[in-house]
Structures are given as structure tokens and as C-alpha cells.
Amino acid sequence: MHIHSIVKAVEAISGVLKDPVCGMTNDTEKSNFSPAITGVTYTCPMHPEILQDHAGQCPQCGMTLELLLPALEEDENPELRDFQFRFWWTLPLTVVVTFLAMAGHRLNWFEMSTQSWIELMLSLPIVLWAGWPFFYRGWQSMVNRSPNMWTLIGLGTGSAFVYSVVATLAPQVFPASFVSMGRVAVYFEAAAVIISLTLLGQIMELKARSQTSAAIKSLLGLAPKTARRIKSDGTEEDVPLMLVNVADLLRIRPGEKVPVDGVVTEGGSSVDESMLTGEPVPVSKRVGDKVIGATLNTHGSLVMRSEKVGSSTVLSQIVQMVSQAQRSKAPMQRMADVVAAWFVMAVVAAALLTFFGWGLFGPEPSWVYALINAVAVLIIACPCALGLATPMSIMVATGRGATHGVLFRDAAAIENLRKVDTLIIDKTGTLTEGRPAFDRAVAAPGFDATEVLRLAASLDQGSEHPLADAIVRAAHERKMAIEKPDNFDSSSGIGVKGHVSGKQLALGNAAFMKLLGISVETLFSQAESLRSEGASVMHLAIDGQLMGLLAVSDPIKASTAGALEALKAAGIRIIMATGDGLTTARSVGAKLGITEIYGEVKPADKLALVDSFQKKGCVVAMAGDGINDAPALAKADVGIAMGTGTDVAMNSAQVTLVKGDLRCISIARELSESTVSNMKQNLAFAFLYNSLGIPIAAGLLYPFTGWLLSPMIAAVAMSFSSASVIGNALRLR
């Protein structure tokens with residue numbers, strides 16, 4: 001794959017940041033690789049549409065905003081560090097409070113009323129300091145009318161703590177039925193344990209989320225830290241990468257990495273581009289060739305002129321694309337968000353019913369039971385797992401896709417790709433290499449085919465036509481002695497003329513030969529045969545006599561046949577739609593086993609073709625690389641662009657195959673299936689957990705079994721459900 005194609009692929013897909021709408025703390029966008037990122041952007045881990053340029057809390061849920069892009073050597077997440085500090089400093093207090101609540105009445109160390117005061121003093125820093133972030137988030141959720149898990153945690157722990165404080169400070173206001181073992185029953189330990197367990201769950205979640213950025217950090221790690229800049233006086237200096245500017249001259253010595261994207265201005269070498277393209281063979285680089293940052297110069301010294309720095313570089317933009325896709329919301333996640341909001345309101349209603357049901361109709365002390373069970377309902381129903389079910393799966397899947405050369409523009413693409421049953425595919429640049437390559441030379445009687453190629457290449461050195469470039473390149477590859485043409489003329493537009501070694505040469509199509517009065521009948525059958533195979537044919541004449549012909553074709557990619565076989569085996573209908581003539585299209589289709597072929601189609605025709613299949617009930621994917629494919633790519637259920645294609649095509653598509661390898665479609669489809677399956681598992685587990693937990697917490701089984709669920713046990717169950725969802729999502733890696 002040409003490296004400049006990757007550059008275009010990445011630039012085309014890069015997302016645009018939006019304005020903030022929620023109050024969670026944003027993730028900071030920062031990269032040691034770059035000036036790449038010129039500012040700092042924070043986002044909410046549960047509401048990725050929230051973006052802002054400073055740290056804080058999400059207005060929708062109150063969670064701390066995180067960096068949008070990870071840094072290669074970024075410091076530990078400040079929220080993680082803060083939660084760990086709060087957790088470890090208050091854990092001993094939680095243990096002591098819980099121990100006193102469970103065993104204090106047996107040990108008789110204090111009067112029970114005195115023990116209530118001790119528990120109050122010990123739990124104050126736990127609830128008011130360690131638990132403050134959760135109360136803030138709960139308050140934010142109510143202010144912004146976006147009920148979520150923090151609403152439940154705030155209500156549950158707050159009600160338990162306030163009740164216990166009143167019971168300690170003014171026990172006389174409670175009826176005698178509330179007195180147990182010499183004091184009004186208090187639940188400081190429930191509030192303390194819930195907060196400690198929630199802190200632990202948040203620590204686990206933050207650590208798990210950091211694992212999903214491993215793919216991004218591995219990309220960032222490819223970049224060198226410094227560049228060797230050539231100053232105007234010819235001296236050289238090593239400068240940090242962030243100080244490299246556009247148009248700087250940079251020296252790349254053997255064994256060093258290319259610092260930024262640019263063009264070679266001096267020297268020659270072979271560059272290992274496998275880190276980005278996956279191709280193991282180093283690519284030869286000469287003056288005028290493009291090079292990309294973070295690839296490895298194997299031997300030889302190069303001087304390059306920087307063209308893309310900072311956020312324009314391929315690596316920086318791939319990082320941004322992956323991050324954008326990881327944080328995008330899938331349709332399934334948006335549905336879960338809506339359900340979660342209604343779910344929270346339903347839980348609050350269930351907690352109120354539980355409270356008044358037990359208080360009015362329960363056994364004595366009925367209102368104590370009422371409070372305990374209502375708090376347990378609020379805690380066990382906390383939708384932590386529901387909120388994590390789809391984001392964790394999407395984040396892990398997009399990171400895995402990036403390592404296989406598949407870039408998802410958004411989460412919807414991951415969901416929809418598995419449903420595709422029809423693939424409409426462009427020919428040039430998608431099924432084929434997309435650039436002309438020399439096929440063969442055929443000599444007329446009395447001439448040599450090798451000499452036909454050599455003379456044609458000598459003449460074509462002065463032409464800028466793509467077919468001429470293919471002929472000259474073929475001669476160079478065969479190390480032929482090419483001569484300089486004289487009196488070169490390309491004014492006809494259908495051929496070229498000139499002198500080589502004193503001989504008058506003419507090269508062009510049959511119409512050009514006819515114009516010059518040169519007969520092509522001796523090679524007519526050979527020319528027609530080559531055209532039927534999809535090749536472009538040019539005739540070479542020497543001193544007014546046909547010398548031979550040359551065939552140039554667009555070769556089929558080596559990976560195409562295998563890729564199509566795999567897609568057919570998966571039950572996908574393959575259709576070719578190309579702007580080329582039907583003869584060429586059928587020739588390529590015959591080689592690849594494609595039977596449905598549409599040739600000579602315009603952009604509007606491709607769009608109509610996609611629409612027609614969609615109206616038949618098909619789920620259509622469109623794969624292409626050109627400007628003429630863009631409308632169809634946008635119309636399709638899933639648009640798939642080649643990384644070797646145009647910016648317009650990639651802007652219109654939801655999926656980009658960085659290497660332009662169609663085999664990656666099968667990889668992406670398998671990833672889509674496994675990701676959606678993983679999301680469904682997570683959602684099913686979250687809903688099942690809450691469906692079973694709420695009735696138990698409400699005490700519905702008490703009349704039959706005598707079972708009640710304390711708020712502390714409910715908090716343990718809540719944390720376990722979140723950990724299970726996180727662990728299941730990480731299986732995708």
C-alpha cells in the first residue's frame with residue numbers, strides 16, 4: 001500500500017469535537033507524541049457526547065471528566081488516584097464501624113448509646129469526605145433531570161446516614177418500637193460499607209478503562225521523541241518532536257525512525273512501514289517519495305521536508321479516530337440509557353412502596369424494617385452494570401479493530417456490520433490495485449519484445465500519463481538502458497512522438513496509428529484478446545512501421561480472491577458496480593467469480609443501485625475508494641472505504657480498511673458479531689440481576705423464607721454485577 005494513502009485515510013476520518021452538554025469530568029486530550037493535539041479536551045466516560053476544554057464534572061451524571069485522548073506517558077488518572085486515596089484512608093474506619101455494629105453489643109465495651117456516638121464520629125469522614133463525589137453526582141443527576149445510578153446511591157446512603165444521625169442525636173423523637181438493645185437502631189455501617197464498596201468498584205472500573213487505551217498507547221509509542229533538524233546554515237541539531245514545524249528539513253540516519261510525515265528531498269533508502277501497513281518488506285524511498293512518521297529507516301541516510309506535523313500526522317489522527325469510535329454510543333447503548341433513566345424512577349417508586357408497605361403493614365419494628373428494605377432496594381438496583389454494558393464492549397472492540405487495520409467511525413457501524421447480507425463493491429482501487437501496471441509487450445514479426453518495451457519506455461519518459469508511468473517503471477524494474485528522447489511531442493492527446501537514437505518513434509492507441517497512416521492489422525487479434533482481458537493496449541511504431549504493442553492493466557489485488565471467497569462463505573451476496581466498460585468489468589468478474597456486474601455506472605447510478613437493494617429488504621454494505629463512490633457509501637447501511645482511496649470516499653464511510661485489504665471486511669464482520677453478542681450478554685446480565693435483586697431487597701420473600709437483604713450485602717452484589725460486566729467486555733481483547 002502507498003503510504004500517502006494511509007495519510008489521506010486518516011485525515012479524512014478524523015472527527016470534529018462537539019460542545020459539552022453534560023456535567024461529568026472530561027477526559028483530557030493530551031499526547032506526548034504531538035503537537036498532535038493542540039489543546040486539551042475532557043469527556044464523560046458514560047456520556048461521550050460531553051466535551052469541554054477543562055476538567056470538571058459531567059452535568060448529566062456528575063462523574064469526573066477524563067482525558068479524551070490518552071498520553072503515551074500520561075500520569076495516573078487523577079480521579080483514580082483520588083478515589084484510591086479516599087478508599088484506603090477510610091477503609092480502616094469502615095472496618096471498625098462494621099465490627100462495632102456486628103459485635104459491639106456482644107463485647108459490651110461501651111454503653112450502646114455511647115457506641116452510636118462512636119460510630120457516628122467514625123463514619124463522618126467516610127460519608128462526608130470519601131462519599132462526597134457520589135453525593136455530588138447524585139445531586140447533579142437530579143438538578144439536570146437525568147436520573148442514574150448516582151441518584152440511587154445518593155438516596156440510599158444519604159437516607160441511611162441521616163436516619164442514623166437523627167437516631168443518635170435525638171433518640172427521643174422515635175417511637176419505642178425503634179429501640180433495640182438499648183438504643184435506637186442505627187445504620188452507619190451500611191452507609192460506610194456502601195461508600196467503600198462503591199469506591200472500590202469505581203477504582204476497578206477506572207483501571208479497566210485504562211486497559212482499553214492500550215492500542216492507542218502502542219501507536220503513540222511508535223513515534224520517536226526527537227528529530228534531527230538541519231538549520232539554514234547547514235548545521236544540525238536534535239530537537240523535541242513538538243518543535244518540528246512544517247517545511248523543516250530533517251535528517252533520518254540509518255536505524256532511526258521517521259519523525260513526522262513528509263517527502264524525501266535527498267538520499268535513498270528502504271523504509272520499514274510494517275508498523276502501520278503490516279507489509280513486512282521494506283519500501284524503497286527516493287527523492288520525491290512520501291514518508292510517514294514513526295516508520296523505520298533501515299539503511300541509507302535520508303533528508304526529508306516535513307509536510308504534516310502535530311494533529312495532521314497519520315499517527316495522531318489514527319489515535320483520535322480510535323478514541324472517537326471508542327466513546328461513540330451504539331444504538332443499543334442509547335436504548336440502554338433511556339431504559340436506565342426510566343428504571344431509576346421506577347426503582348425510587350419501588351423504594352417508596354417498600355418503605356410505606358413495611359412501615360404500615362410489616363412486623364414490629366415495622367418502620368425500622370421499612371427503612372432497611374427501602375435503602376436495600378435503592379442500593380441493589382443501582383444501574384452501574386447497565387451503564388457499563390455497551391460502552392465497555394465498544395471501547396474494547398474498536399481498540400482490537402485498530403490493531404487489525406480496521407477503523408470504525410462510530411459504534412453504529414460495529415452494530416450494523418454483522419447484519420449485512422449484500423456487498424456492492426467498486427472495481428478500480430477496491431478489487432484491483434487502482435493504478436496501471438505493465439502487463440506484457442508483443443512484438444511484430446521481425447522485432448524483439450524486450451526492445452519494444454525499452455524504446456517505449458525511453459519515449460514515455462517525457463509523458464505524465466499514468467499508462468506511460470507504468471511502462472517506464474517496468475523498464476526500470478528490468479534494469480533496461482533507457483535513452484533520452486528528443487523532439488518529444490504529446491500535443492495530440494491520444495499518443496506521443498519523438499526521436500530515440502535517431503529513430504522516429506510513435507506510441508499511442510489505434511486511432512493515433514491511423515492518424516499517422518500506420519497499419520496495425522498484423523497484431524489486431526492479439527490486441528483484441530488483450531482488451532477482452534481488461535487491458536489497455538498501446539501501439540509502438542518505428543520509422544513509420546508497426547514495431548509492437550504494449551498492454552497495461554490494473555492488476556487484481558493478491559488478497560481479493562480469498563477475501564471474496566470468505567465473504568461468499570458467510571452468505572454475503574457480492575455485486576460489482578464500476579464506471580469502467582462492461583468488457584473490462586466482466587473480465588475481472590470472471591476471474592473473481594462475480595456474476596452480478598454493473599458496468600459504466602455513474603455516481604448517481606451507484607446510489608440508485610444501493611437504494612434499490614435496500615428497498616428489497618437487503619442490508620447493504622458499499623465498498624469503494626473513489627469520489628464517484630461517495631454518494632453510495634453514504635447511502636449504504638454500512639459504507640466501507642479503502643485506506644488507499646480518496647478523502648471524499650472516507651468521509652462518507654463508517655468503516656475504513658487502512659491497508660485497503662478486503663480480507664479485513666471479514667475480520668470486521670466477525671468483530672461486529674462478537675461485540676454485539678458481548679453487549680447483549682452484558683445487558684441481559686444487568687437486567688436479570690436487577691430483576692431478581694429488587695424483589696429480594698424489597699422483602700417479598702420474607703413471608704415465605706424470612707429472608708431480608710441488608711443494605712451492606714446489597715452493595716456487595718451491586719459491585720459484583722459491575723465487575724462481571726467489565727470482565728465480560730474485556731474478553732473481546
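What you see is a predicted model; the values in this text were computed from it and never measured.

Engineer: Is there a simple way to explain the pattern of salt bridges in this structure?
Structural biologist: Between side chains of opposite charge, a pair can form when the charged atoms approach closely. By the definition in use, this model includes 20 salt bridges. One salt bridge in this structure joins R473 and D469, with 2.6 Å as the shortest N-O distance. One end of the pair is R473 and the other is D469, both in helix α16 (residues 466–477) and four residues apart, which spans about a single turn. Overall, the relative accessible area of 22% leaves R473 in the partly exposed class. The partner of R531 in a salt bridge is E528, and the shortest N-O contact between them spans 2.7 Å. With R531 and E528 both in helix α18 (residues 524–532) and three residues apart, this pair spans about one turn of that helix. Here E528 falls in the partly exposed class, since its relative accessible area comes to 36%. Connected through shared salt-bridge partners, R228, E236, D238 and R251 make up one network.

Engineer: What am I meant to see in the UniProt feature "transmembrane region" (unreviewed entry) in the protein chain here?
Structural biologist: When the UniProt feature table is mapped to this numbering, "transmembrane region" (unreviewed entry) covers residues 87–105, 117–136, 148–170, 176–200, 338–361, 367–390, 683–702 and 708–730. With 100% helix and 0% strand, residues 87–105 has its two end C-alpha atoms placed 27 Å apart. Taken end to end, residues 117–136 is 95% helix and 0% strand, and its two terminal C-alpha atoms sit 26 Å from one another.

Engineer: What exactly am I supposed to notice about the side chain of T422 here?
Structural biologist: For T422, the location among the structural elements is in strand β17 (residues 422–425). Residue class for T422 comes out buried when judged on its relative accessible area of 1%. At 2.9 Å, the side chain of T422 forms a polar contact with the side chain of D421. In this structure, T422 is in contact with I572, R573, I575, F613, C618, V619, V620 and A621, ignoring residues within four places of it in sequence.

Engineer: Which parts of the structure should I look at to understand helix α3 (residues 112–130)?
Structural biologist: Within an α-helix, residues lying three or four positions from one another point in the same direction, as the helix has 3.6 residues per turn. Between its terminal C-alpha atoms α3 stretches 26 Å, which fits the 27 Å expected from 19 residues at 1.5 Å a residue. In α3, a bend of some 40 degrees at S123 exceeds every other bend along the element, and P125, a proline, comes one to four places later. For α3, every residue scored as buried is listed here: M112, Q115, S116, E119, L120, L122, S123, I126, V127 and A130.

Rules of the game
Residues numbered from 1 in each chain as written. Predicted model: local features only at pLDDT ≥ 70, side-chain atom pairs only at ≥ 80, totals over all residues. Heavy atoms only, no water. Salt bridge = Lys/Arg side-chain N within 4 Å of Asp/Glu carboxyl O. Helix = DSSP H or I, 4+ residues; strand = E, 2+ residues; numbered from the N terminus. Buried < 20%, exposed > 50% of the residue type's maximum accessible area, 1.4 Å probe, protein only. UniProt positions renumbered as here; feature names shortened; annotations may be inferred. Polar contact = N/O pair within 3.5 Å; in protein donor to acceptor, adjacent residues only side chain to side chain. Contact = heavy atoms within 4.5 Å. Expected span 1.5 Å × (residues − 1). Bend = angle between axes of the 7 residues up to and from the residue.

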